[in-house]
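Chains, contacts and geometry: an overview
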Amino acid sequence: VSPDGASVYVASGVGVSHFYADPKGTGLLSLDGCVSDDGSGGACTKGPQSGDPLAGADGVAVSPDGQSVYVVSPRALSSFSVAPQGQLTFQGCMSDDSVPGCIDPPGQSLHAADAVAVSPDGGSVYVTSGEGIAHFFRAHSTGGGGAEHLLQYDAVRAEFEQGAVERLLSGQ
C-alpha cells in the first residue's frame, strides 16, 4: 500500500498489478494496470527488455516516500519508479540466476527470495532468501530527468528466526 493509501500493489506470480483506491473512501479497489515480463498478451505493460525477473513474483514493498516499488520473485529483485498517479515503470533488477538484463550481486544473496521490505527511513531494502537476509542500500540518482532509487548490494545475514526482518527494520 502506498504511503498515502491511494494505491495498492499486488505481486501476481507473473508480475505486479496496481490498483487505486476509491477516493470516496468506500474501500473498493479498481485495477489500473500491471507490469509483466512479456506484457501478458497485451493485458500488461512489458517490463524488462529481456529476461524474466518477474516470473513467480510473490512479494512487494513500497518505499516510505512512495517513489519506488520493489518486487521479489524466487529469481530476482526488481525495482520500479512510481508515477504521481501510482503507475509503475520498470527500472532494473538483480538476480543470482543469470536473468538477462539483471545485475548479478555477489554470492547467492537472492537465491529462492520470497519477501521484501523497505526500512522506515527508506535507506535500505531487505530481501529474505534461502541464504538469509540480503541488505541493499537505496542510492539516489538524479540522472535521466528525475530522482531514481537504485539499489547497491551490501551483505547477507544468514540468520533465520522468528521476527528477524521486523527487528532489522525497527533497528533492534
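Residues numbered from 1 in each chain as written. Predicted model: local features only at pLDDT ≥ 70, side-chain atom pairs only at ≥ 80, totals over all residues. Heavy atoms only, no water.

Some details on the overall build of the chain
- A tally of helices and strands in the chain yields one helix and 12 strands.
- If you list the helices and strands of the chain from N to C, you get β-β-β-β-β-β-β-β-β-β-β-β-α.
- Per-residue burial over the chain gives 42% buried out of 172 residues.
- A sequence separation of at least 24 residues applies to 36% of the contacts in the chain between residues at least 6 apart.
- In the structure as shown, the chain presents an accessible area of about 8,400 Å², 52% of it carried by carbon and sulfur atoms. (Helix = DSSP H or I, 4+ residues; strand = E, 2+ residues; numbered from the N terminus. Buried < 20%, exposed > 50% of the residue type's maximum accessible area, 1.4 Å probe, protein only. Contact = heavy atoms within 4.5 Å. Areas by Shrake-Rupley, 256 points an atom, 1.4 Å probe, with all protein chains shown as cover.)

Observations concerning the sheet that holds strand 6 (residues 68–72)
- Reading across from one edge, 5-6-7-8 is the order of the four strands in this open sheet, with antiparallel pairing throughout. The open sheet has two free edges, formed respectively by strand 5 (59–62) and strand 8 (88–95), since each of these has just one partner strand. Averaged over all neighbouring strand pairs, the angle between strand axes comes to 20 degrees, with direction disregarded.
- Direction of pairing for strand 5 relative to strand 6: antiparallel, over a ladder of four bridges. Across the sheet, the residue bridging to Val-60 is Val-71, located in strand 6. (Pairing = 2+ DSSP bridges. Axes fitted to C-alpha atoms, helices over the stretch in contact; angles between N-to-C directions.)

Details of the sheet that holds strand 2 (residues 15–21)
- Spatial strand order, 1-2-3-4: four strands in an open sheet with mixed pairing. Two strands lie at the open edges of the sheet, namely strand 1 (7–11) and strand 4 (45–46), each paired on one side alone.
- Bridge count between strand 1 and strand 2: five bridges; the pairing is antiparallel. If you follow Val-10 over to strand 2, its bridge partner there is Ser-17.

Looking at the layout of surface pockets
- The volume enclosed by the largest pocket comes to roughly 160 Å³.
- Residue lining of the largest pocket: 13 residues in total, with Asp-4, Ser-7, Pro-84, Gln-85 and Gly-86 positioned closest to the centre.
- Residue classes in the lining of the largest pocket are distributed as seven nonpolar, five polar and one charged. (1 Å grid on protein atoms, 1.4 Å probe; cavity = no way out; pocket = protein on both sides within 12 Å on 5 of 7 lines; lining within 4 Å. Points joined across faces, edges and corners; volume = space filled by probe spheres on them. Nonpolar A, V, L, I, M, F, W, Y, C, P; charged D, E, K, R; others polar.)

As for the state of the cysteines
- Evaluated as defined, the whole model comprises two disulfides.
- With its sulfur 1.9 Å from that of its partner, Cys-34 forms a disulfide with Cys-44. Its torsion about the S-S bond being -95 degrees, the disulfide of Cys-34 and Cys-44 is classed as left-handed. Here Cys-34 is found in strand 3 (residues 29–36), whereas its partner Cys-44 is found in the loop between strand 3 and strand 4, with 10 residues between them in sequence. The pair Cys-34 / Cys-44 is uniform in exposure class, with both members buried.
- At a sulfur-sulfur separation of 2.0 Å, the disulfide partner of Cys-93 is Cys-102. Across the S-S bond linking Cys-93 and Cys-102, the dihedral sits near -95 degrees, which makes this disulfide left-handed. (Disulfide = S-S within 2.5 Å.)

Details of the packing of aromatic side chains
- Summed over all chains, the structure comprises one aromatic pair.
- Ring geometry for Phe-80 against Phe-90: centres 5.6 Å apart, planes inclined by 75 degrees, an arrangement best described as edge-to-face. Placement of the pair is Phe-80 in strand 7 (residues 76–82) and Phe-90 in strand 8, with a sequence separation of 10 residues. For the pair Phe-80 and Phe-90, a shared accessibility class is recorded, and that class is buried. (Phe/Tyr/Trp six-rings, centres within 6.5 Å; stacked < 30°, edge-to-face > 60°.)

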